[in-house]
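Listed here are the chains, written in short residue letters.
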Amino acid sequence: MPDREKLSADLTSLIRFATLMLRSGDAAFRVRQRTGELARAMGIEGFATRIALGSLLMAGRRGGTEITRAAEIAPIGVNAFRIGALEDVARAAGPGTSAAAIAQQLDAIERTTPLHPLLVTAIAVGAACGAFSYLNDGGPIEIFASALAGAIGQALRSALLMRRINQYATTALCAVVASGLYSLIVALLGQLGLPTPSHAAGFISSSLFLVPGFPLVAALLDLLQHQTEAAITRLAYGATLLLAGAFGLCTVASLAGLTAAPPPPLAESEATRLLLRALATAAGGCGFAILYNSTWRTAFAVAGLALIGNELRLGLHDAGLALAPATLIGAFAVGLLASFLQRHPQRGFGPRIVLTVPGIIIMVPGTFAFQAVVLFDEGQVIGALNAAVLGGFVVGAMALGLALARYATESEWLIES
């Protein structure tokens, strides 16, 4: 094969590899790193790539021949299993790797169906939503209603996304359906004479599965690695998904006439609270790992990481530490533990990002989010902004905790080349 044709085939395989990684939700700095490893294994010189969320530009040189390739990325999503499989392709590549061999592996990865049936994923998400409700002081009614509404909302979202319905429209609709079902279930239970909850715990919890945790965390990591173009476009994507979900929640909150009153603390013993909190945290982490198409081994590992990190966070908060720094320490612990597991790839836990992101989603400040949505809907802008800023600090602490763990365990994050 002439040099130009061989280089063209190599770059075609590389850009396909990078496109699949980005569509699966991996961070741009990781895509650049893994693609560079493959390019060196294929003998490509002067390799360079420019990554944005919607497009990809790649150039390579071999001898006196230089070729540039471009590709579009959208639609994007999250597929933890695919991220791990693609990283394994780059990790296993050695000198003389051919474009045909890479293409064959990519074909096999693309043919892989989701690891979990829709029903299993919906049940896992419902359990995570119910667990999140409990962690935000929700009682039995809020837990049951948010779990059932979250499971149905996730089933609807999966069905819509499989039909390639616009992601923003899907997010807004599923927010309406999940929060609306929650409100309806609570109202029906109230008609049966059961006590009416404050809604602050369960309402947001029913739509927790819509939080774009992967793109938001990946965007911050990309910013810290100078992948600015990819980071900004990913932040815009994540923020737009958040806004779509918030508009759906506002619509239901207005129709249901909800107020921003915080839930009263649950009456339970210290031992019972610690045990149930640990179980809820583990269930939440495992549920989100299943949502992101992780293996059961990875899901159980995530459950353990979430349990340790969130128990540390809540314990520090109970001891008097403000929620944002407590959250940073909890996320830092999750990041450190994930780095330890990542040093043993043969155990099959998957890449670091598929351990850390679902491991910290349960730390999302649900009460602040609920107050911001309801107060904005009521026109109380100052109160809404106050709740949004407080919640924003906690979310920022989640991502920064993971970044600090990277600085502590990966030398290339501290030393710029």
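Reference entry: report on the structure contained in this document. (Residues numbered from 1 in each chain as written. Predicted model: local features only at pLDDT ≥ 70, side-chain atom pairs only at ≥ 80, totals over all residues. Heavy atoms only, no water.)

**Describing the overall build of the protein**
When helices and strands are counted, the protein shows 17 helices and three strands. Taking 22 Å as the expected radius of gyration for a compact globule of 417 residues, we find that the protein reaches 22 Å, a close match to that expectation. If you line up the protein on its principal axes, its C-alpha atoms span 80 × 40 × 40 Å. Considering only contacts within the protein whose residues lie at least 6 apart along the sequence, 74% involve residues at least 24 apart. Surface summary for the protein: the accessible area is close to 17,800 Å², and the carbon and sulfur share equals 66%. (Helix = DSSP H or I, 4+ residues; strand = E, 2+ residues; numbered from the N terminus. Rg over C-alpha atoms; globule rule 2.2 N^0.38 Å. Contact = heavy atoms within 4.5 Å. Areas by Shrake-Rupley, 256 points an atom, 1.4 Å probe, with all protein chains shown as cover.)

**Some remarks on unusual backbone geometry**
Phi is positive for Arg164, which is not a glycine, with a value near 60°. Mapping Arg164 onto the fold places it in the loop between helix H6 (140-162) and helix H7 (167-191). The backbone of Asn293 sits at a positive phi, close to 65°, despite the residue not being glycine.

**Topic: the pattern of salt bridges**
Under the defined criterion, the tally for this structure stands at 16 salt bridges. Residue Arg34 pairs with Glu37 through a salt bridge whose shortest N-O separation is 2.9 Å. Of the two residues, Arg34 and Glu37 both sit in helix H2 (residues 28-41), three residues apart, roughly one turn of that helix. Residue Arg277 is joined to Glu311 by a salt bridge in which the shortest nitrogen-to-oxygen separation is 3.3 Å. On the criterion of sequence distance, the pair formed by Arg277 in helix H11 (residues 270-291) and Glu311 in helix H12 (residues 296-318) is long-range, its members being 34 residues apart. (Salt bridge = Lys/Arg side-chain N within 4 Å of Asp/Glu carboxyl O.)

**Notes on the sheet that holds strand E3 (residues 65-72)**
Here three strands make up an open sheet; going across it, the order is E1-E2-E3 and the pairing antiparallel. Every interior strand has two partners, whereas the edge strands, strand E1 (45-51) and E3, have only one. Neighbour-to-neighbour, the strand axes of the sheet open up by a mean angle of 10°, direction not taken into account. Bridge count for E1 against strand E2 (residues 55-62) is five bridges, and the pairing is antiparallel. Following the sheet pairing, Glu45 is matched in E2 by Arg61. (Pairing = 2+ DSSP bridges. Axes fitted to C-alpha atoms, helices over the stretch in contact; angles between N-to-C directions.)

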